[in-house]
Every structure is written in structure tokens, then in C-alpha cells.
Amino acid sequence: MSEPLAQLAARLRDAAHVGILTGAGVSAESGVPTFRDAQTGLWAEYHAEDLATPEAFARDPLLVWRWYAWRRELVAAAQPNAGHVALAGLQRILPRLSLITQNVDGLHQRAGSEGVIEFHGNIQRTVCSVERCEVSVPDDTPSDEVPCCPGCGALLRPDVVWFGEAIPVEALQAAGTAASACELFIAIGTSAQVHPAAGLADLAAQNGAMLAEINPEATPLSGRTDYVLRGTSAQLLPALLQAVSAIKK
Ligand code: OAD
């Protein structure tokens, strides 16, 4: 076992409350593309401003709807990986673990994590673009037009946060409370470039938490973290779970 992994495991065992922020990297080993990885990230191939903004949806709703329908199918076909499963396992053995995710894929929940704070929404939910009520869309809905709200007739949209939109109030509050109260905050598989999610680590540190990062690459957070594990989440998280489990309380 590497020394940083053993140290982080000991810190996890001691912490009364752990805050974890995950990003797209956690789902990479499930075959879900990240956003900013140089070759394989979605933003290397697509322009965010054409697909993930309210302006893009107003300009060309069908293009946006189809892009999310493609991602929805990709995510539905993906399976949680060993990293997701290990995080759910950590939640079962630690006294308190708040899991905040920027991912919209629902893979943490499918792996068994509970009370997941969905910071950027969930791609499997569809809402009315005006009233924001949730609407279920049958699988056989034709893909050549954007379905409309049965209540008010407005276009439906994925229940995700687009650039320029506010984070859902409940998620923002829950994440802020967890970051402020935790003793250890771990950022996993996120490039820590998108705010306000990236600011949660600062909030945690300002309130006395130690910071840790699990990521194969350096990020803007790396210089400020107390523990850094370099590697993939599907490799490191099961090892971390094993190390924490082996420490007697
Ligand atoms: P990014 O694509 O920006 O960053 C992914 C991070 O995962 C990078 O730091 C990679 O080094 C790391 N990574 C890659 N493979 C990994 C693996 N197997 N294990 C662990 N880490 C790995 O994704 P996010 O930080 O999640 O927002 O992006 C934040 C937000 O930007 C997203 O929620 C999305 C995007 O635009 C919206 O759409 C609003």
C-alpha cells in the first residue's frame, strides 16, 4: 500500500464527517466520456455553447434534445464501476459521508450510494422548460421532434444545469452545508474548473477541513491539498475502501 493511500485511509477512519465531490472522471471507467480530457472529452469534439446553454436550446431545441438523448442512452447502457461501488461501501462504514456529484449519470445511486447531492441535475429526468415540473417521456417518443409538456405545451428539456444557469437551490444548500461541516473533503475525478462546484473545496478548507484529491492528473486544487492520490478512481477507491476497512476503530 502506498504511503499517501495509508495516510488518507487513517484520516478517513478518524473523520466524523467526510465530504466528497465527484466529477466526470469517476464515470470514465464505465465508458462515459469526460468533458475536458484532451482526446476523449466531450468538449474536445463539441462546443458547449451550442449544446449546453439556454441560448443553444432557444436557438435549436432539436439539436440539443438529440444530443442529450444520445448521452441518456449511453449512460443508461453504462454500469457503475469499481470506484462507484467502493464509494457506496465507504458510506456504509463511515459515520457520515456526504456525496456531492457534478455527474448527471445517476451511476452513484445505481451503485448504492444514498442521499447523493446532484449538483448539476440528472440526465434521466425530463422537465417542462417553463414550469420545471417533471414529466415522464415514453421510450418510443419519436426522436425527430422535441416533446411538449402535457400541462402547458412548452418544450420539454433534460433536468440538467446548463452553463449560465443557477445550481438547484436544495443541492446548493446541501452541498454548502456538507462542505462547511466536514473534517475531510475529497475531490475525485474532477478538473475543478467549473464553479461553483470547484469552490466547495475552498469552503471546506476555510472551515478547517483537510483536502484530498484523487485524479490521474494535476488540477488547480492539487497545490492546496493535504493528500494527493494519483491514479484512476476505479483502481484507487477499492484500495482505499480496503485500507479503511482494515483499520480497527
Ligand atoms: P472534466 O472533464 O472537466 O474533468 C474530468 C477529470 O477527471 C479530469 O481532471 C481528469 O484528469 C479526471 N479523470 C479522467 N479519467 C479518470 C479516472 N479514470 N479516474 C479519476 N479521474 C479521472 O469533468 P468535471 O470536472 O466533472 O457541467 O466537469 C465539471 C462540469 O463541466 C461538468 O459537470 C459539466 C462540464 O461542463 C455542465 O455540463 C454544467
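Since we're looking at a predicted model, the values are computed, not measured.

**Looking at the site of the ligand**
In step 1: Residues in close proximity to the ligand total 23 residues, the closest being E29, F35, R36, T190 and S191.
In step 2: One of the side-chain nitrogen or oxygen atoms of H120 is found 2.8 Å away from an oxygen atom of the ligand.
In step 3: Computed on the free molecule, the ligand has an accessible area of 800 Å², of which 93% lies beneath the protein chains in the complex.

**Notes on the packing of helix α7 (residues 82-93) against helix α11 (residues 233-246)**
In step 1: Where α7 meets α11, the axes come as close as 7 Å, and the angle between the chain directions of the two elements is 25°. The orientation of α7 relative to α11 falls into the category roughly parallel. As for how α7 packs across α11, the hand of that crossing is left-handed. Along the contact surface, α7 presents A82, G83, A86, L87, G89, L90 and I93, while α11 presents S233, A234, L237, P238, L241, V244 and S245.
In step 2: Grouping the amino acids of the contact of α7 with α11 by side-chain chemistry returns 10 nonpolar, 4 polar and no charged.

**Some remarks on unusual backbone geometry**
In step 1: The amide bond that connects H195 to the next residue, P196, takes the cis arrangement and shows omega of 10°.
In step 2: With respect to the helices and strands, the residue P196 is situated in the loop between β6 (184-188) and α10 (200-206).
In step 3: Despite not being glycine, R132 shows a phi value in the positive range, around 70°.
In step 4: Relative to the helices and strands, R132 resides in the loop between β4 (121-128) and β5 (156-160).
In step 5: Of the residues examined, R132 reaches a relative accessible area of 40% and is grouped as partly exposed.
In step 6: Phi at A192 takes a positive value of approximately 55°, unusual for a residue other than glycine.

**Comments concerning the sheet that holds strand β1 (residues 18-22)**
In step 1: Strands sit in the order β3-β2-β1-β6-β7-β8 across an open sheet of 6 strands; the sheet is parallel. Two strands bound the open sheet, and with one partner strand each, they are β3 (117-118) and β8 (227-229).
In step 2: The pairing of β1 with β6 spans 5 bridges and is parallel. Among the inter-strand pairings, V18 is bridged to a residue of β6, identified as L184.
In step 3: Sheet strands in contact with α11 are β6, β7 (210-214) and β8, and its direction is about 130° off that of β7.

**Overview of helix α9 (residues 169-181)**
In step 1: The end-to-end C-alpha distance of α9 is 18 Å, a good match for the 18 Å that 13 residues give at a rise of 1.5 Å each.
In step 2: Within α9, the full set of buried residues consists of A171, A175, G176, A178 and A179. The buried residues of α9 occupy an angular sector of 165° when the element is viewed end-on, so they sit on one face. For α9, exposure combined with an orientation more than 90 degrees from the buried face picks out V169, E170, Q173 and T177.
In step 3: Looking at the packing, one finds that the buried side of α9 touches β2 (97-101), β3, β6 and α10.

Criteria and cut-off values
Residues numbered from 1 in each chain as written. Predicted model: local features only at pLDDT ≥ 70, side-chain atom pairs only at ≥ 80, totals over all residues. Heavy atoms only, no water. Near = heavy atom within 4 Å. Polar contact = N/O pair within 3.5 Å; in protein donor to acceptor, adjacent residues only side chain to side chain. Areas by Shrake-Rupley, 256 points an atom, 1.4 Å probe, with all protein chains shown as cover. Axes fitted to C-alpha atoms, helices over the stretch in contact; angles between N-to-C directions. Helix = DSSP H or I, 4+ residues; strand = E, 2+ residues; numbered from the N terminus. Parallel < 35°, antiparallel > 145°, perpendicular 65-115°, else oblique. Left-handed = near helix turned anticlockwise from the far one by under 90°. Contact = heavy atoms within 4.5 Å. Nonpolar A, V, L, I, M, F, W, Y, C, P; charged D, E, K, R; others polar. Buried < 20%, exposed > 50% of the residue type's maximum accessible area, 1.4 Å probe, protein only. Pairing = 2+ DSSP bridges. Expected span 1.5 Å × (residues − 1). Arc of directions from axis to C-beta.

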